[in-house]
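Analysis of the macromolecular model
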Amino acid sequence: MEPTNSTTMINILLSTRLSGDKFRAADGLELAVPATFGRRALSDLVNRLLTPEELQDEGEGDGEGDGDSDKQHFEFLIQSTLLRTTLFTFCERAKWSLEKTLEIEYTLPFPNSKEKKKV
């Protein structure tokens, strides 16, 4: 049964093979995130880690749109499997302990994500 709040945490280790400094700032970071995180929340997290605080502050509170237009969307792979659920559900289906640190690779969206194995 999936947790209904964000008190259950999972340790993750972010990595990327993307080149360029603008994508590498989160590479190698180990964090604890709510088990309810899925692709969108992880993408928001990586965007916050990649964007300098000064730029984040400038874009907040202007009342214009939802702020998604400047965000880069990412795909997330766990052992070469695209993440399409919450972290909790992924671990449950894979029969992995929530105490294990998940190594998660972030990458730019694939042209045709349906070709990759999904969980």
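Above this text sits the structure in question.
The shown structure was predicted, so the numbers you read here are calculated from the model rather than taken from an experiment.

Structural notes on the pattern of salt bridges
- This structure, assessed with the given rule, holds five salt bridges.
- Across the pair Arg 17 and Glu 105 runs a salt bridge, and its minimum N-O distance is 3.6 Å. Pair noted here: Arg 17 is in the loop between strand S1 (9–15) and helix H1 (21–24) and Glu 105 is in strand S5 (residues 102–107), with a separation of 88 residues, a long-range link.
- Overall, the relative accessible area of 16% leaves Glu 105 in the buried class.
- Between Arg 24 and Asp 27 there is a salt bridge, with the nearest N and O atoms lying 2.8 Å from each other.

Some points on the pairing of S5
- Burial analysis of S5 places five of its six residues in the buried class, the great majority of the element.
- Alignment of S1 against S5, held across four bridges, turns out to be parallel. Residue pairing across strands places Leu 13 opposite Glu 103, the latter belonging to S5.

Comments concerning the nonpolar core
- Counting 24 residues, the largest nonpolar core has Ile 12, Leu 42, Leu 87 and Ile 104 as its most contacted members.
- What Ile 104 contacts, discounting residues up to four positions off in sequence, is Ile 12, Leu 13, Leu 14, Ser 15, Leu 42, Phe 76, Leu 77, Ile 78 and Leu 87.

A few points about the packing of aromatic side chains
- Evaluated as defined, the whole model comprises three aromatic pairs.
- Arranged with centres 6.3 Å apart and planes meeting at 90 degrees, the rings of Phe 23 and Phe 74 form a pair that is edge-to-face. Taken together, the positions of Phe 23 in helix H1 and Phe 74 in the loop between helix H3 (53–59) and strand S3 (75–78) put the pair 51 residues apart, joining distant regions of the chain.
- Looking at Phe 74, the relative accessible area reads 3%, which means it is buried.
- Ring centres of Phe 74 and Tyr 106 lie 5.6 Å apart, and the angle between their planes is 90 degrees; on these two criteria the pair is classed as edge-to-face. On the criterion of sequence distance, the pair formed by Phe 74 in the loop between H3 and S3 and Tyr 106 in strand S5 is long-range, its members being 32 residues apart.
- Against the face of Trp 96 rests Lys 100, its NZ or CZ located 4.4 Å from the ring centre.

Calculation rules
- For every chain, the first residue of its written sequence is number 1, and the numbers climb from 1 along that sequence.
- Residues qualify for local features only when their pLDDT is at least 70, as the model is predicted, and side-chain atom pairs are given and counted only at 80 or more; totals for whole chains, interfaces and linings, by contrast, use all residues.
- No hydrogens and no water enter the side-chain calculation; it runs on all heavy atoms of the structure.
- Take a side-chain nitrogen of Lys or Arg and a carboxyl oxygen of Asp or Glu: if they are within 4 Å of each other, that pair is a salt bridge.
- Secondary structure elements follow DSSP: runs of H or I no shorter than four residues count as helices, runs of E no shorter than two count as strands, and numbering proceeds from the N terminus.
- Each residue's exposure class comes from its accessible area (1.4 Å probe, protein chains only) as a fraction of the maximum for that residue type: buried when under 20%, exposed when over 50%, partly exposed otherwise.
- Pairing between two strands requires that DSSP report at least two bridges joining them.
- By nonpolar core is meant a set of buried Ala, Val, Leu, Ile, Met, Phe, Trp, Tyr and Cys residues that side-chain atoms within 4.5 Å join together.
- The contact rule is simple, with two residues in contact once any of their heavy atoms fall within 4.5 Å.
- By convention, a stacked pair of Phe, Tyr or Trp rings (six-membered ring in the case of Trp) has centres within 6.5 Å and planes under 30 degrees apart, an edge-to-face pair has planes over 60 apart, and any other such pair is tilted.
- Comment: the charge-over-ring label is applied if NZ (Lys) or CZ (Arg) is within 6 Å of the ring centre and within 35 degrees of the ring normal.

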